[in-house]
Each structure stands twice: as C-alpha cells, then as structure tokens.
Amino acid sequence: MFTKAFRVKSNTVIKGSDRRKLRADVSAAFPSLSADQLGELVPNKEELNIVKIYAHKGDAVTLYVLQKSPIFFQLEKQLYPTVYTLWRYADILPAFTTWPQVVQKLIGGADLMLPGVVVSSTGLPDVHQGDCCAISVVSNRAPVAVGTAALSSSEMISSAMKGKGVNCTLTLILNPFTEQMDSLLFQCFLHALKIKVKKSELPLLTSTFLRKHMAACCPKGKHLDIKKSSFKKLSKFLQCMQKEHSLVRVKELSKGVDSIVEVDWKNPELCSFCIPEDWEPPEEAVEGDGSSELPYQPPVITPLYGVTSRLEPLFQDAHRKKGAVLQASEVRTIITDYVKRNDLVLESNKSYVSINPVLCDCLLEKSEYQDVELLKWEDLLSRVLSRMQACHQLLFPGQVPVVRKGQVEPIDINVASRGSNKKVTIIKNLEGFGMDPVVVAETLQHRVQASYVLHDIPGAKDRQLVQIQGNQVQHVGKLLLEQYQIPRKYIQGLDKAPKLGKKK
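Here the structure is a predicted model, which is why all the values come from computation and not from measurement.

## Comments concerning the overall build of the protein
- Of the regular secondary structure elements, the protein holds 15 helices and 25 strands.
- Computed over the C-alpha atoms, the radius of gyration of the protein is 33 Å, more than 25% above the 23 Å expected from 2.2 N^0.38 for a compact globule of 504 residues.
- Split into buried and exposed, the 504 residues of the protein put 43% on the buried side.
- For the protein, the accessible area works out to roughly 28200 Å², and carbon and sulfur atoms hold 50% of it.
- Charged side chains in the protein number 65 positive and 53 negative. The centres of these two groups are separated by 3 Å.

Set out below in structure tokens:
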C-alpha cells in the first residue's frame, strides 16, 4: 500500500472495546456512512486486526485490517480510509480529480499541486484546510490516493489554482494503463472540441470526430486506442461525455451510425481546458476524395516461403531451420548451392539435376521413387517452392514489415439481397491492406449518396465489414483500383458489377 518500505511493529486481533471505539470513531469521522455500511466496514464478529507499523520516515501508523484487507489507517490521531475502502464507498470523502500522468508523481512521494487539478462542471469539492480528501483520475471515480486539503476551496480559487492542493498521505501503487488511455481520450476530446470542431460542422459523424479531430489533437509520441481504455468502444466513451459531463449530445441519425448533434460550448470543463504546451499541430495533408488525413499508400506485398520439416534437410547447410521464412530468390540460391556442392548437375546435360536420397525424400512422391532419377532445374525449383509453407510480407510505408502465414487474403466484394428487390454491397478484409473500414465507407457514401452500416465479423478479431445500399461494385472497384492503388489480383468480386445496357 505504501510507496516505500515500512516496518511492522505488531499485529494483534482487535478487542471488543477497541472494535466499538473504532466504530464510533469511523461514524464521527465519516457521518455520510449509513448504519448498514458502518456494520459492513466494522462488523461485530468478523476477523479484524490492528497492525502497528513504522513508515519509511519513522511515522507511527495504525492500520485496521478486515479479513486481510486494510480498511482504515490512523496517522497523528487522524483517521483515514484506505483507497480500497473508497473503491466501495467513494462518496464518504470529497474527491479531487487529476490526470494519470500526475499520479506517477504522487506515487513518487509528491503532493497534488493545484495546476494538476481538473475542475469539473460542478467546480471544486467543498473542503476546509486540513479536511481529509481523496484523489482520483479523470473518467474513473476509483480513488488512487488519500490526503488532506492544503487550502480551503475558496483559498484554492483565490490563489488562481496555484500552489499545493492536497498533502498526500497514502498513494495506491498501480500501473494505470487504462486510466492513462482514459485520460488521453478525455484530453483529446476536450482539445478537439476547443479548436477543431465548428458549429457549422454539426451534425458530425462520431467516427469522423475520432479519426479526424481527436487523433489530430493527440500529443506527439502517443496514440489513441479506444480498446485500451476502460470504455472499449467509442460509443460508450461518448455516452459518458454526454451523461456524466454534459459536453455533447449524440444521436443515431441513421441505422448504426452515430453523430454528434450538439456541443455545450459553455461547459466549464471545456471553457477551463488549456491546450497542452507541448502539443504541435500536425502538418496539413492534401485530402483525397473524401477522407483521410494522410494519403493512403498501399503496402508492398512480397510472397515468402517457409521451411517445412520435410524440406529441412535441404536447408541445413544454409543454417535455415524449420519455420525460417525466405524469398523465392533466396530459395533458388540455397537449392542451387546444394545441388552444386553435392555434384548433382548432370554432366551430359546441365539442364538436369540428378536425384540423390535427400532430394528423393524431400521432393518425390512415393510412386516416383523407382522411376524418377532426373529433374529439370525448373521442375526441381518448382517442387521445392510448392512444398514450402506459403507466407507473405506486408510492408507499409514508414512501418516495420509484417510477415503472415498463408496466401494474401484478398479484399472480398459481394452483392446480397435484402427484402424483396433491394441489394446491398458487402466489402470485407479492408484491414488486411491497412485500410480503415470507416474511411472507405464514408468515401463511398459521399460518392454514391447511399447509406452504410458497419458490422463486426463473427470470429474475426478487430475486423469489420462495410455494407452499403445498392449494387456499388463498380464504384468500389474504381475506389480500390484508382485511389487506393490495390492490385487487381488482390480484389475478388469485381465481376459482380451490374452489366451496363441491361435492365431487369
């Protein structure tokens, strides 16, 4: 619980008289606790211990431990709840909110300074100097520290929110990854509303708001990832911004597509938000037909071949074990070296290679063992490649190459019927080529003036399909081939476009 080492002086079971005194002290210190809550925290019969310790600075601290969980501690005759107690009863103390980055400072032993306090729409909590209070992070009510107010609320305001705010007594040791992402989301959300969104843009697609505005407000070196936050989905985050912070109003204007329809520009949290000093505006990029901030560049796709257990003897001398991945040119070089090193080139006709026992086991079928003694170079190399594990490499500009097993999964375009005479176009596997389904869907929506919906693909993690009204195969093909520069061989379903000149 404490950030530095401490020494235990004693650990004893609480006496009946001490239990009653503790219950009375807790009731007096935290009057908002109901009788039932008080009974849960200081029960009559359950195991409750008094642990006396010396903190790293020599302070004598008394811990009250219920079933091995610390619930209260006493320092210099003042009773404090632990953060674990506050997780269950968050309202028993006034709470100040800060950013997760500040929590790292608190863990190191720092006090909470007023410039690090996030002022909510309801203002600061009402405290007097010396009052016990809690500290939590934005978008998460679970406290991470306990301390005493260094100033009263009115003194904090009159000091222009400068100086010390809370003397920290106890800080929870944790690694708040989700809290950090929650904080980053909230910061970028306020930042985007403050400088990016204009009233004339409303209603604004929530997907566009995240991708185009919030992402542009992300500090350098950081990356917004909803799935690494406590919200997991953009819709839940915006629901929180609407219900708990009253910053925006979100509405489903078309099926499955949410839009921000209203912003409270006078919200105190928005008005008091200051642009981070280290933020640098991203370079402006030329927009291409509808949508992304940076021009899309297709990946360079390279076929690769993995060494299998059957072929491993052929690659041993080249120190390539099972699972090693090679380009076709590397395979050709290794096999050529093997043949020449073992004097397998036929002297009378150097277009042929003699089959030795290793080549026989690796490349021939059982029915060929007795009959095939020679193979042409082309046949030999073809057999090697066909018996290797198919793989491929995707190289996106400015990124580390990605190697995947199997053949390249093409973008799949299909046309399905909905209802009596309605058709929809379905597009899958855009993510495999580094494309955002939302961006593609919005671009198509602007081109063909048809509505779209996104659906999660069952059994495929982080994959979505785009469904757009009508047979739009021709427009999809033109978008993928001309704007995104995807090679035709990696797109299947282009033949499903409606035939021109024929009416049905």
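## Quick look at the sheet that holds strand S25 (residues 491–492)
- The strand order across the open sheet built from five strands is S23-S24-S22-S21-S25, with neighbouring strands paired in mixed fashion. Since the sheet does not close on itself, it has two edges, and those belong to strand S23 (452–456) and S25, each with one partner.
- Two elements, strand S21 (residues 411–418) and S25, share two bridges in a ladder whose sense is parallel. Note on S25: the bridge partner recorded for aspartate 412 is glutamine 492.
- Along the sheet, helix H14 (residues 437–448) makes contact with strand S22 (422–428), S23 and strand S24 (464–469), crossing S23 at roughly 160°.

## Looking at the sheet that holds strand S12 (residues 204–205)
- With respect to topology, three strands assemble into an open sheet ordered S12-S14-S13, the strand pairing being antiparallel. Because the sheet does not close on itself, it has two edges, and the strands there are S12 and strand S13 (248–254).
- The pairing of S13 with strand S14 (residues 257–263) spans six bridges and is classified as antiparallel. Opposite lysine 251, over in S14, you have serine 259 as the bridge partner.
- Seen against the sheet, helix H8 (residues 234–243) touches S13 and S14 and runs at an angle of roughly 135° to S13.

## Considerations on the UniProt feature "domain: DM2" (unreviewed entry) in the protein
- UniProt records the feature "domain: DM2" (unreviewed entry) at residues 303–387, using the numbering of this structure.
- Between the C-alpha atoms that bound residues 303–387 the distance is 14 Å, and the span itself is 41% helix and 14% strand.

## What to know about the UniProt feature "domain: SUI1" (unreviewed entry) in the protein
- In the numbering adopted here, UniProt assigns the feature "domain: SUI1" (unreviewed entry) to residues 411–484.
- Structurally, residues 411–484 comprises 31% helix and 35% strand, and the distance from its first C-alpha atom to its last is 12 Å.

## Here's the deal with the nonpolar core
- Within the largest apolar cluster, 49 residues are counted, with the highest numbers of intra-cluster contacts made by Phe96, Phe189, Phe209, Met214 and Phe237.
- The biggest single contributor to this core is helix H6 (residues 177–195), with nine residues.

## A look at the environment of glutamine 37
- As for its placement among the helices and strands, glutamine 37 is situated in helix H2 (residues 35–41).
- The exposure class assigned to glutamine 37 is partly exposed, which follows from its relative accessible area of 27%.
- When the C-alpha positions of glutamine 37 and tyrosine 89 are compared, they lie 8.6 Å apart, and in sequence the two are 52 residues distant.
- Contact partners of glutamine 37, with chain neighbours within four places excluded, come to Ser32 and Tyr89.

## Comments concerning the packing of aromatic side chains
- Overall, the coordinates contain six aromatic pairs when judged by the stated rule.
- With a centroid separation of 6.3 Å and an interplanar angle of 40°, the aromatic rings of tryptophan 99 and phenylalanine 186 are classed as tilted. In this pair, tryptophan 99 is assigned in the loop between strand S6 (95–98) and helix H4 (100–107) and phenylalanine 186 in helix H6, connecting sequence segments 87 residues apart. Of the two residues, tryptophan 99 and phenylalanine 186, neither departs from the other in class, the shared state being buried.
- For the ring pair phenylalanine 189 and phenylalanine 237, a centre distance of 5.5 Å and an interplane angle of 90° mean the geometry is edge-to-face. One end of the pair, phenylalanine 189, is in helix H6; the other, phenylalanine 237, is in helix H8, with 48 residues separating them in the sequence. When sorted by exposure, phenylalanine 189 lands in the same class as phenylalanine 237, which is buried.
- Members of the aromatic cluster, joined through ring pairs, are Phe189, Phe209 and Phe237.

## So, H8
- Buried residues of H8: Leu234, Phe237, Leu238, Cys240 and Met241, and no others. Down the axis of H8, the smallest arc covering the buried residues is 150°, so these residues share one side.

## Quick look at the environment of arginine 23
- For arginine 23, the location among the structural elements is in helix H1 (residues 16–29).
- Separated by 20 residues in sequence, arginine 23 and proline 43 have C-alpha atoms that sit 8.7 Å apart.
- Residues in contact with arginine 23, not counting those within four places in the same chain, are Leu38, Val42, Pro43 and Asn44.

## Things to note about the environment of serine 207
- If you trace the backbone, serine 207 turns up in helix H7 (residues 206–214).
- Accessibility expressed as a relative area gives 18% for serine 207, which makes it buried.
- Sequence-wise, serine 207 and serine 235 are 28 residues apart; in three dimensions their C-alpha atoms are separated by 9.5 Å.
- If we skip the residues at most four places from it in the chain, serine 207 touches Leu234, Val438, Glu442 and Tyr452.

## Things to note about the pattern of salt bridges
- Counted by the stated rule, this structure contains eight salt bridges.
- The residue glutamate 365 makes a salt bridge to arginine 387 at a minimum N-O spacing of 3.1 Å. Pair noted here: glutamate 365 is in the loop between helix H12 (357–363) and strand S18 (374–376) and arginine 387 is in the loop between helix H13 (377–386) and strand S19 (389–395), with a separation of 22 residues, a long-range link.
- When its relative accessible area of 41% is taken as the criterion, glutamate 365 is described as partly exposed.
- The shortest N-O distance in the salt bridge between aspartate 379 and arginine 383 comes to 3.3 Å. Of the two residues, aspartate 379 and arginine 383 are both situated in helix H13; the distance of four residues between them amounts to about one turn of the helix.

Parameters at a glance
Residues numbered from 1 in each chain as written. Predicted model: local features only at pLDDT ≥ 70, side-chain atom pairs only at ≥ 80, totals over all residues. Heavy atoms only, no water. Helix = DSSP H or I, 4+ residues; strand = E, 2+ residues; numbered from the N terminus. Rg over C-alpha atoms; globule rule 2.2 N^0.38 Å. Buried < 20%, exposed > 50% of the residue type's maximum accessible area, 1.4 Å probe, protein only. Areas by Shrake-Rupley, 256 points an atom, 1.4 Å probe, with all protein chains shown as cover. Lys, Arg positive; Asp, Glu negative; His and termini not counted. Charge placed at Lys NZ, Arg CZ, Asp CG, Glu CD. Pairing = 2+ DSSP bridges. Contact = heavy atoms within 4.5 Å. Axes fitted to C-alpha atoms, helices over the stretch in contact; angles between N-to-C directions. UniProt positions renumbered as here; feature names shortened; annotations may be inferred. Core = buried A, V, L, I, M, F, W, Y, C linked by side-chain atoms within 4.5 Å. Phe/Tyr/Trp six-rings, centres within 6.5 Å; stacked < 30°, edge-to-face > 60°. Arc of directions from axis to C-beta. Salt bridge = Lys/Arg side-chain N within 4 Å of Asp/Glu carboxyl O.

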